[in-house]
Amino acid sequence: MILPEQPEDATIPLLNRLRRKRVLARAVLAFEAVWPAIWPGLGVAGVFVVLALLDLPRRLPPAAHSAFLAATALTVAALLIRGLRRLTWPDPTAVDRRLERASGLAHRPLATITDRPVVAGGALALWTAHVARAARQLTHLRAGTPRPGLAARDPRALRAGLLVALIASLTIAGEQAPGRLMRAIQPPSPVGSAAPALQVQAWITPPDYTAMAPIFLKPEGGTAQVPAGAMLTVNLTGTASEVRLAQDGVSSVFKTLDTTSHQIETALRTSGAIQVLVGGQTNTVWDIAVVADLPPEVQFPEPPGLQRGQPPLARLPWQASHAYGVASLQAELRLHDRPGKAAPLIVAVPLPTVAPKSAKGVRLQDLTTHPWAGLGVDAALVAKSVSGLVGTSADMMFVLPERSFQHPVARALVAVRKMLSLDPNQRAPVLRELDRLSTLDDVWRDDTAGYLNLRAIAALLRGRGETVVDAAQPRLWALILHLEDGAAERTARELVRADQALQAALEAEKQDNTVERREIEKLTKQLQEALQRHLQALTDQARRDPETNKYNPDEHKLDARDMKRLAEQMREAARDGRMDETRQKLAELQKMLEEMNTGRREHGKMTEREKQRAEQREKGQQQMSVLADVVKREGALLDRSQARADAVLQQTRRPQFARPFGPQPPTQEQLAQQQTAREAERRVDQQIQLALRRVLGELMARQADLSGQVPPNLSEADTAMRDAMAALAESGDAFAAGAQTRAIEALQKGGQQMSQQMAQQFGSADQDGDDGDGEGQGSGMADGQDGMGEGQGDGLGNGDNGNQYGPGNGQNRRNGRGRGFERRADDRRDPLGRALKDGTGGRDESSNVKVPDEMELARTREIQDELRRRSSERGRPPAELDYLERLLRQF
């Protein structure tokens, strides 16, 4: 380089500055050349980064993921190689030209200072001045900004869109960006490439009748005791070898689910060691003890016999037990003098609860109408367990109770019945006796129908075969009752039977809607006709014997007219399908019949003391009704509190992030809406709880005025309601549910105490309207159509058509009335006040409550089996397998 003569200290900085500018200009030119060359490859790499930040490659199958990664890498490499091969690095001349253009210098001053003159002499001074002037222009050199020219190559500005996509995807990924990038560049290995560890899952499912939960076996082996008939299920994963199960010297091959998963199910019938063999080698050994199922034990705790009353009843004490529950119980009676010849008489024995494991009681049954009445029988109890096994007690002999008759011909016909029962083939003495009785003109003079019936029976017995005896026995009994009771008693029995049939049909229609409307209409018509016949018979009897008959047709004329009108209205309601109105009319008709039978009006001949006691009983019944309503409403509050607590618990257990399958978690907006709805419902429940507490306080004050004392349990219920209000105010639904449960328990016990207080002070409103004689002890349940039975249990005492809470006396009340805490028949709740899912028609459910019930246990076992089956399929995605294992840990 030729520079004009200058001081040395001024030339050196100029040269250094020129050198730096040339380096900077060379870098700018290099960028302008390299950037367009590598831009296509970087654009493809940028698209890959966007997809990786969105976590899209992970959703591809492993093979597709690997292929996508390889294609992206090859594409980027090819584009980079092609662009870099065409790259030309800038030379010194290009660098100087860049500086001159960027600095706006004319006439190439950098070239001027490097040129040399061809001639010397006088022109040299001129050249030196020219170089000096060019050197002065170099004081403001600039390299300029890079201009790679991508705008011409990318007219649609795709590079800007890629930049926006990168920023957006990075924002979406957030803290997970590094992990997503690593997952994108590291494809997962194909499933099955790594040999999984050997895992054994085994459990035993007891038979359904045991109601037992599954028994899980340890993978390393152990012992277990199971009932006979249980099913063993073994899942084994992590090996491709053959897997066998050895039991009692028999080897069974596992079913192959996939290359490394195996499963087997087998029934356990005998005790012994069970081995799991993998590739011929013992992997796990369990020592299983199978407990055999035994027949139920049943016996007579005391000899059967007679229960005195009208009519006398057969008393059958019983006691039965089974390890898993007694399904049914019956008494089989066989004629003692004809063993093995006559079919047994079966008497069903109702159990106090559903499938009790141990129970005892007394069955009272009216058998006075049976042909064997007054004869010796051998009784045996037959119990059937829930597993289907049958147990029989030892035979015990006793004489069946019989009704005593005053009419001499009726007594003679009773003897005829016994003769036919003891020896149906010896009919000659029977026919001679019937012929003798038919000659008694004084008996049949005014009873042509009875005489014709007697002769028809005699003609029937002259036929052949034992079937004629079976046909003659009920006709003999009807003739006996005809002679003993007369027409009024017969029509009264027909009326009772028609009433019971219609009542049973209405109850069945209310419970499960299985009775057709035409059947109810038919039964209603039969009741109407029986009522008309009974009223006519009472009128005829009163006219024949007005002195001894309590029924006065003139006094009860309006009653008879009202009863006929009620019967007609009840029939019309049944015809139109208005079953509730039919039940109401039937109840009114029953009440009128009861009043008529007692021979006095309800408010006609009562003393002042009786009226006062009746008013007090009515107030007490109102108190009980109010208390029953409080229990019902408190139960509704409990249901809602429990539902809210369950919803919050389920929400806390719900995963925070979306799972690879299954329902997605709710959004924050949805959670906020649910919380708002719960808060609104909680405020409403708090107001209801306050109102119920005030009602309870007023009820306690009235009870104190009525009986002079307040049951302590009502005070406990008030305290529990106060705690429930406080819990509702603090959003503690679980605590509120607990307090409401305590309140319901205390209210129910308080109702029992109120019932006892009123029974002691004012007597029962029903005056023991029993259908029969029962001897229940404690708070038992007497079961049976005729209200006769005795049982020991705990919980509820039930009538035919309703429920009574409190200390029952084992006797069924007609229409469910009793000395207890009455509740409506449609208000079915357990002792904790929770609504029951279904009813059992007046049967006590509180003494056999199972949480959860058998259907829920079966459903739980199905879900567990399905989870284990899916977990054993190792070909499923890793995320799903991990999720299934987390679920199984809870079981």
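Starting afresh in each chain, residues are numbered from 1 along the sequence in its written order. Local features are withheld for residues below a pLDDT of 70 in this predicted model, meaning they are given only at 70 or higher, and side-chain atom pairs are given and counted only at 80 or more; totals for whole chains, interfaces and linings count all residues. In computing side-chain properties, one takes all heavy atoms of the structure into account and sets aside hydrogens as well as water.

Asker: How should I be thinking about the overall build of the protein in this particular structure?
Answerer: Counting from the N terminus, the helices are the DSSP runs of H or I reaching at least four residues and the strands are the DSSP runs of E reaching at least two. In terms of helices and strands, the protein carries 22 helices and 23 strands. With a 1.4 Å probe rolled over the protein chains alone, any residue whose accessible area is under 20% of its type maximum counts as buried; one over 50% counts as exposed, and the rest are partly exposed. Counting only residues that meet the buried cut, the protein has 40% of its 891 residues in that class. For every accessible area listed, the method is Shrake-Rupley and the probe measures 1.4 Å; residues are considered covered only by the protein chains on display. A total of about 48,500 Å² of accessible surface is found on the protein, and carbon and sulfur atoms cover 53% of it.

Asker: Quick question: what am I supposed to make of the pattern of salt bridges here?
Answerer: When charged atoms on two side chains of opposite charge get close, those side chains can pair. Salt bridges are identified by distance alone: a Lys or Arg side-chain nitrogen within 4 Å of an Asp or Glu carboxyl oxygen. This structure, assessed with the given rule, holds 20 salt bridges. Salt bridges sharing partners connect three or more residues here, namely Arg640, Arg644, Glu679, Glu681, Arg682, Asp685 and Asp733.

Asker: For this particular structure, what's the right way to read the sheet that holds strand β3 (residues 222–227)?
Answerer: Within a beta sheet, neighbouring strands are joined by backbone hydrogen bonds and run either parallel or antiparallel to one another. Taken in spatial order, the 5 strands of this open sheet run β3-β10-β9-β5-β6, and their pairing is mixed. Every other strand in the sheet has two partners, leaving β3 and β6 (250–253) as the edge strands with one partner each. Recorded for the sheet is a direction-independent mean angle of 25 degrees between the axes of neighbouring strands. By definition, two strands form a pair when at least two bridges between them are found by DSSP. Relative to β6, strand β5 (residues 243–247) runs antiparallel, the two being bridged by 4 bridges. Residue pairing in the sheet places arginine 244 in a bridge with valine 253 of β6. All axes are obtained by fitting lines to C-alpha atoms, using only the stretch in contact for helices, and the reported angles, taken between N-to-C directions, cover 0 to 180 degrees.

Asker: What's the story with the sheet that holds strand β7 (residues 255–256) in this structure? I'm lost.
Answerer: If you walk across this open sheet you meet the 5 strands as β2-β1-β4-β8-β7, and the pairing is antiparallel. This sheet does not close on itself; its edge strands, each paired only once, are β2 (215–217) and β7. Sheet topology places strand β4 (residues 230–237) next to strand β8 (residues 261–268); 8 bridges connect them, and they run antiparallel. Paired with leucine 232 across the bridge in β8 is threonine 266.

Asker: In this structure, what is going on with the confidence of the model for the protein? I would like to understand it.
Answerer: A low pLDDT means the predicted coordinates there should not be read in detail. Each residue carries a pLDDT score, the predictor's confidence in it, ranging from 0 to 100. Predicted confidence across the protein gives a mean pLDDT of 76, with 75% of residues reaching 70 or more. Looking over the protein, one finds the lowest element-wise mean pLDDT in strand β21 (residues 797–798), namely 34, and the highest in strand β18 (residues 390–392), namely 95. In this analysis, two residues are considered to be in contact whenever any of their non-hydrogen atoms come within 4.5 Å of each other. Per-residue pLDDT stays below 50 along residues 600–605; that stretch engages in 8 contacts with residues further than four places along the chain or on separate chains.

Asker: It is not clear to me how a nonpolar patch on the surface should be interpreted in this structure. Could you clarify?
Answerer: A contiguous nonpolar patch, built from Leu54, Leu56 and Ile172 and spanning about 250 Å² of accessible area, is present on the exposed surface. Note on placement: leucine 54 falls in the loop between α1 (8–53) and α2 (62–85). For patches, a residue must show more than 30% relative accessible area and have no salt bridge; joins then use 9 Å for like charges and 5 Å for nonpolar side chains, namely Val, Leu, Ile, Met, Phe, Trp and Tyr.

Asker: Got a minute to help me understand the pairing of strand β17 (residues 376–385) in this structure?
Answerer: Regular strands have side chains that alternate between both faces of the sheet. Summarising burial for β17: 9 of the 10 residues are buried, a large majority. In this structure, strand β14 (residues 326–335) lies alongside β17, joined through 9 bridges in antiparallel fashion. Paired with leucine 333 across the bridge in β17 is alanine 379. Examined bridge by bridge, β17 and strand β19 (residues 396–399) share 4 bridges and lie antiparallel to one another.

Asker: In this structure, what is going on with the environment of valine 469? I would like to understand it.
Answerer: Looking at the element boundaries, valine 469 is found in helix α13 (residues 467–512). Residue classification places valine 469 among the buried positions, given a relative accessible area of 3%. For the pair formed by valine 469 and arginine 417, sequence separation is 52 residues and the distance between their alpha carbons is 9.4 Å. Ignoring sequence-local partners within four residues, the contact set of valine 469 consists of Leu420, Pro424, Arg427 and Leu461.

Asker: Just checking my understanding: could you explain the packing of aromatic side chains for this structure?
Answerer: The geometry of an aromatic ring pair is captured by two quantities: the separation of the ring centres and the angle between the planes. To pair, rings of Phe, Tyr and Trp, with the six-membered ring standing in for Trp, must have centres within 6.5 Å; the planes then decide the type, stacked if under 30 degrees apart, edge-to-face if over 60, and tilted in the middle. Tallied over the full model, the rule gives 4 aromatic pairs. Both rings, one in tyrosine 209 and one in tyrosine 324, keep their centres 5.5 Å apart while their planes meet at 70 degrees; by these two values the pair is edge-to-face. In this pair, tyrosine 209 sits in the loop between β1 (199–205) and β2 while tyrosine 324 sits in the loop between β13 (313–321) and β14, placing the two residues 115 residues apart along the sequence. On the accessibility criterion, tyrosine 324 (18% relative accessible area) is buried.

Asker: Looking at this structure, I do not really get the pairing of β13. What am I missing?
Answerer: The buried fraction of β13 is high, at 7 of 9 residues. The sheet contact formed by strand β11 (residues 297–299) and β13 spans 3 bridges and is antiparallel. Considered in β13, the bridge of glutamate 297 is made with serine 321. If you look at the hairpin formed by strand β12 (residues 305–307) and β13, you'll find 5 residues sitting between the two strands.

Asker: Just to check I follow, could you spell out the packing of helix α9 (residues 408–422) against helix α10 (residues 428–438) for this structure?
Answerer: When two helices pack together, their arrangement is given by the angle between their axes and by how far apart the axes lie. Remark: α9 packs on α10, axes separated minimally by 10 Å, with the N-to-C direction vectors making an angle of 165 degrees. Overall, the two elements α9 and α10 adopt an arrangement that is roughly antiparallel. Seen along the crossing, α9 lies across α10 with a hand that is left-handed. For the pair α9 and α10, the contacting residues are Val409, Ala412, Leu413, Val416, Met419 and Leu420 in the first and Pro429, Val430, Glu433, Leu434 and Leu437 in the second. In the scheme used here, Gly and all other residues not listed as nonpolar or charged are polar, with Ala, Val, Leu, Ile, Met, Phe, Trp, Tyr, Cys and Pro taken as nonpolar and Asp, Glu, Lys and Arg as charged. Partitioning the contact of α9 with α10 into residue classes produces 10 nonpolar, no polar and 1 charged. Any angle that is under 35 degrees is reported as roughly parallel, and any over 145 degrees as roughly antiparallel; angles of 65 to 115 degrees are reported as roughly perpendicular and all others as oblique. Helix crossings are classified by the rotation of the near helix relative to the far one: an anticlockwise turn of less than a right angle makes the crossing left-handed, while a clockwise turn makes it right-handed.

Asker: Would you mind going over the packing of helix α18 (residues 668–707) against helix α19 (residues 712–729) with me for this structure?
Answerer: As a packed pair, α18 and α19 sit with axes 9 Å apart at the nearest point and diverge in direction by 160 degrees. On the basis of the axis angle, α18 is roughly antiparallel to α19. Handedness of the α18/α19 crossing: left-handed. Every residue of α19 that contacts α18 at Arg682, Asp685, Gln686, Gln689, Leu690, Leu692, Arg693, Leu696 and Met700 is listed here: Leu714, Ser715, Ala717, Asp718, Met721, Arg722, Ala724, Met725, Leu728 and Ala729.

Asker: Looking at this structure, how should I read unusual backbone geometry?
Answerer: Note on backbone geometry: most residues besides glycine have negative phi, and most peptide bonds are trans. Even without a glycine there, the phi angle at aspartate 55 is positive, about 60 degrees. Note that aspartate 55 resides in the loop between α1 and α2. Within the chain, aspartate 248 stands out as a residue other than glycine whose phi angle is a positive 55 degrees. Take aspartate 248: it is sitting in the loop between β5 and β6.

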